[in-house]
Each structure stands twice: as structure tokens, then as C-alpha cells.
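Observations on the three-dimensional arrangement
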Amino acid sequence: MSGAAAPAADELAPGVEVEVTIGPVAHGGHCVARYDGRVIFVRLAVPGERAIVRITQAKAGSFCRGEVIQVLQADPARIPAPCSHYGPGGCGGCDFQHVQPDRQRELKAEVVAEQLQRLAGIERTVVVEPLPGGDVGWRSRVRWALDAQGRVGPRATRSHRVVPINALRPCLIADPAITAATDTLDVPPGVHPAPPTGPRRRRRDSGRPPRRTPVALPEVVLAQAADGAVTATWPGRPGAAPIVTEHAAGRDFAVAADGFWQPHHAAADVLAAAVAAALAGVELAGRTGWDLYGGVGLFAQVLAEAIGPEGTVIGVESDERAADLAVANLADHPGFTGRCGEVEAVLPTLDPAVAAIVLDPPRSGAGPRVCASLAGLGPDVIVYVACDPAALARDTAALAAGGYGLDSLRAFDTFPQTHHVECVARFVPAAAD
Ligand SMILES: C[S@@+](CC[C@H](N)C(=O)[O-])C[C@H]1O[C@@H](n2cnc3c(N)ncnc32)[C@H](O)[C@@H]1O
């Protein structure tokens, strides 16, 4: 910042620099700062710091976004980011590399607690548990963009620019075998997007250049299987994506290389154990359990163990290939039935006598209608695996309205260095809460 007068709040615009005190962390990994009454969501910050922030986005009459470009008073938990791609304008894949890992987990815990408090009216102290394996090299699956120059990597923060990953400048959170695979990746040239052509024309009416339509970059999925081998898939690759073998909960699972599997090496195992623990204490032998948003059947396997050969497990999954693989993966459980379809559509067709429901919806959550339906069925227990604390909090409120209380909550650092966190929440009828 120069010696010029500090800008007024309504003068905040991209490129403007302001000095602020950093406030609490918000959902999404940014911290909240206030400048002359205006809210700035600040990246690369730690609560309590004093810093110079460069504005990166400003909506008239609304909030701004910015990044710390200079720390004036550092928090003791601030550390030099270990990755060379991290920093102002850099890779958008990580949010917390500048924060000591234990403090990262405290920040995530604060976000989960705040969302529960604000959206569900629940006061709860949250602890985010680390996973085995450390805070780098944990990622066994990435979905990276491919640009016209053939570079592969995550996108830069709030941009379509590819951050090129290669052996010289690896992605530190990815398993080294994933970075190594980028060096030998043989994507046919036809898959690469066309480079932007021609100079930008000025808009005749306003004199401003037209907004450049962001190029939709093709995405390459690199998936590392349990044996360490990395498989690459990309749009237009002939045939269906290969099937790879993953291992969790004491058994193998067949998964499409471009299908859903927890990206952290240890996450599927840890979450399966947490779901098993959440089901414990409910007598399930010979009864019925549902695995909603079930993927290739990870939690169906946990339910099948708890329910035993005399009981019934129903898996519901909208992706046809994953639904088929769940049937194959659970073939040794005679009581398993896989249903392919959207949970919303399949629910009314199921026998409503269900003792345990496990649900693991995508980031948007299950939503109030599904939650109301589930609560209305009166299961003994509902176990909710959530990758988004806001969706979990909204659905917690919906389940509470249906008579189900939050009985226990565990949170796991399944995505170290990023703002993401996974929760396993146990709900029981409110009287038993
Ligand atoms: C977070 S993944 C969980 C998968 C699985 N439980 C696991 O841990 O491997 C969510 C899954 O829900 C599926 N899905 C998304 N929306 C759905 C819907 N409306 N109905 C059924 N499945 C859905 C996705 O295809 C994906 O497999």
C-alpha cells in the first residue's frame, strides 16, 4: 500500500489494497474481515492477524473477496506454505497450507460448529480428527483440467488457468505417483481445448471489451488404486473407464476409475469404521438397512455386517455403473439389493419398514423433502455422512423437525490443507436423544 489516503468502502475494487484485522473463519476457508463496514472474504488469512489484503472481486453494494499479500501481525499458527504453487493468485486446490495442520483442523471444527449453531440452532463443541498418513501426499484421486498447451493440473484460484503439475513442481497433496503420471500422460491432441483466437473486440456501445467466455477445459481424472497403479481417464477416451480395485473395511471394492471413491488413502476405511460405530448399540441382526447415495457399496458392506445374512440391505445410487458395481461388490451378501435411481424417486417404492438408514449425499445434501421422508419412516437410527457442513446443518434442522435429534457427531480431516471436512452424524428419535 502506498502513502495515499485509504480508500472508502465503496471504492473497493479488484487490485485495491487495504489494511484489515482478520476475523473468524467462514465456510469455504476464507476469513471474514470488515473494512469500513464492508465484508471482505479473505483468502490466505488466519483469524486475529493484521494484514494487507488485495481485493480480487467486488460486487457493488455487496461483499468483496481478497487475498492477504502482506502479513503485518502474524498468528503463531502461520507457517510458510510447503507447496510452490500456493500463494496469492496461485493454485485454488488448497486453502490452508499457510496454517499449521493442528490449527487447520481447529478452523474446520469452528466452521462445523458455527454452521450447526446458525442453521440448526445446535451448540456443540466439534473436534476434527486427523487421518493416518500425514498431511501431504494423501490424495489418491484428482480431477484436473487440461489446457490447450497440454498442461494438466488444478485451476488457479477463482480462474480457469491451469496450474501445471509435473515432477519439478508437484502437487504436494497428491500421492507422488499421481504427479509422476502427469509426466507420462498421453492424452490425444484432439481432446485439448482450442486456444483462444483473435484480439478481444471492444463492445460498440460501452467501449469496454466484451466479457471473455471462460473456456470449458476438459478434465482428466487420475485415480490411484489400492495396488498403487494410476489410471488416467479423459472425455472421449474410447470405451468405458477401466475398473480399478480399492480396499476398505477389510475387503476389495471394484470402482470405475472415473467414478466416486473417497480421495484420501485412509478415508474410506476411517469413515466405514465411524459408520459401524454409529450403528453399534442398535440391534440390527435380521432387520433392514438402507445405504442411500451408496456409490459402489462401501457403507452397504458395513450395514450388511451389522444386519447379517438373515437381514436385508438396500443400496440406492443414481449412477448406473456404480449401482451395478455395488451389486457385484456385495455379491456375497444374499440380502443385498441394489436400486439404481435418484433417492427422491426410489424412496416411495421401498418397503417402509427400515431399522437403520445410512446416507452419504453429494455436497448439496439430501434436502428437506428427503429428510422429512426418512424421519417419517421411524428408523431406530439415521447415520449421515456429510462432506459439506452447511448441508449437514440444514439437513440436521430438517431431521429435527421430523423428530430426530443429533445424538453424536464426529468430524474427520479427510482433505488436509483444504477447507473440506467430512462429518459422520448419528440421529435417533428425539425421545431417545
Ligand atoms: C458422496 S458420494 C458417496 C458414495 C459412497 N457412499 C461412498 O462413500 O463411496 C455420493 C453418491 O451419491 C450419488 N448421487 C448423487 N445424487 C444422487 C441422488 N439424487 N440419488 C441417488 N444417488 C445420488 C453419486 O453418484 C455418488 O455416488
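Residues numbered from 1 in each chain as written. Predicted model: local features only at pLDDT ≥ 70, side-chain atom pairs only at ≥ 80, totals over all residues. Heavy atoms only, no water.

Let's talk about the overall build of the protein
Counting secondary structure elements, the protein contains 8 helices and 19 strands. For 433 residues, the compact-globule formula gives about 22 Å, and the C-alpha radius of gyration of the protein, at 24 Å, lands near that figure. Within the span of the protein, comprising 433 residues, buried residues form 51% of the whole. Summed over all atoms, the accessible surface of the protein reaches about 19,500 Å², with 53% contributed by carbon and sulfur. Each charge class in the protein can be summarised by its mean position, and for the 39 positive and 47 negative side chains these summaries are 12 Å apart. (Helix = DSSP H or I, 4+ residues; strand = E, 2+ residues; numbered from the N terminus. Rg over C-alpha atoms; globule rule 2.2 N^0.38 Å. Buried < 20%, exposed > 50% of the residue type's maximum accessible area, 1.4 Å probe, protein only. Areas by Shrake-Rupley, 256 points an atom, 1.4 Å probe, with all protein chains shown as cover. Lys, Arg positive; Asp, Glu negative; His and termini not counted. Charge placed at Lys NZ, Arg CZ, Asp CG, Glu CD.)

Considering empty space enclosed by the protein
If you walk through the whole model with that rule in mind, you get 5 cavities of 30 Å³ or more. Considered as a void within the structure, the largest cavity measures approximately 80 Å³ in volume. Forming the boundary of the largest cavity are 14 residues, of which His-27, Gly-28, Val-111, Pro-389 and His-419 lie nearest the centre. A class-by-class count of the residues in the lining of the largest cavity yields 6 nonpolar, 5 polar and 3 charged. Counting contributing residues per domain, the lining of the largest cavity is built from domain 1 (11-78) and domain 2 (108-133 + 246-432), each supplying no fewer than three. By volume, the second largest cavity is sized at about 70 Å³. (1 Å grid on protein atoms, 1.4 Å probe; cavity = no way out; pocket = protein on both sides within 12 Å on 5 of 7 lines; lining within 4 Å. Points joined across faces, edges and corners; volume = space filled by probe spheres on them. Nonpolar A, V, L, I, M, F, W, Y, C, P; charged D, E, K, R; others polar. Domains from an automatic or database assignment.)

Section: the site of the ligand
As a matter of local geometry, the ligand sits amid 16 residues, with Tyr-293, Glu-317, Ser-318, Val-343 and Asp-360 nearest to it. Take Ser-318: an N or O atom from its main chain is 3.2 Å from a nitrogen atom of the ligand. At a separation of 3.2 Å, a nitrogen atom of the ligand approaches a polar side-chain atom of Glu-344. The fraction of the free accessible surface of the ligand (590 Å²) that becomes covered by protein chains is 87%. Those elements that provide at least two residues to the shell around the ligand are helix H4 (298-307) and helix H6 (343-346). Considering only residue class, the shell around the ligand consists of 7 nonpolar, 4 polar and 5 charged. (Near = heavy atom within 4 Å. Polar contact = N/O pair within 3.5 Å; in protein donor to acceptor, adjacent residues only side chain to side chain.)

Points about the packing of helix H1 (residues 101-120) against helix H8 (residues 389-401)
Across the interface, H1 lies against H8 with an axial gap of 8 Å and an inter-helix angle of 35 degrees. Remark: the crossing between H1 and H8 carries right-handed chirality. Here Val-111, Val-112, Gln-115, Leu-116, Leu-119 and Ala-120 of H1 come into contact with H8, specifically with Pro-389, Ala-390, Ala-393, Arg-394, Thr-396 and Ala-397. Tallied by class, residues from the contact of H1 with H8 come to 9 nonpolar, 2 polar and 1 charged. (Axes fitted to C-alpha atoms, helices over the stretch in contact; angles between N-to-C directions. Left-handed = near helix turned anticlockwise from the far one by under 90°. Contact = heavy atoms within 4.5 Å.)

A closer look at helix H5 (residues 320-329)
Side chains that are three or four residues apart share a direction in an α-helix, a result of its 3.6 residues per turn. Looking only at H5, the buried set comprises Ala-322, Ala-323, Leu-325, Ala-326 and Asn-329. For H5, the angular spread of buried residues about the axis comes to 165 degrees, placing them on one side. Those residues of H5 that are exposed and aimed more than 90 degrees away from the buried face are Glu-320, Asp-324 and Ala-328. Among the structural elements, strand S11 (243-248), strand S12 (251-256), strand S14 (312-317) and strand S15 (336-340) are those in contact with the buried residues of H5. (Arc of directions from axis to C-beta.)

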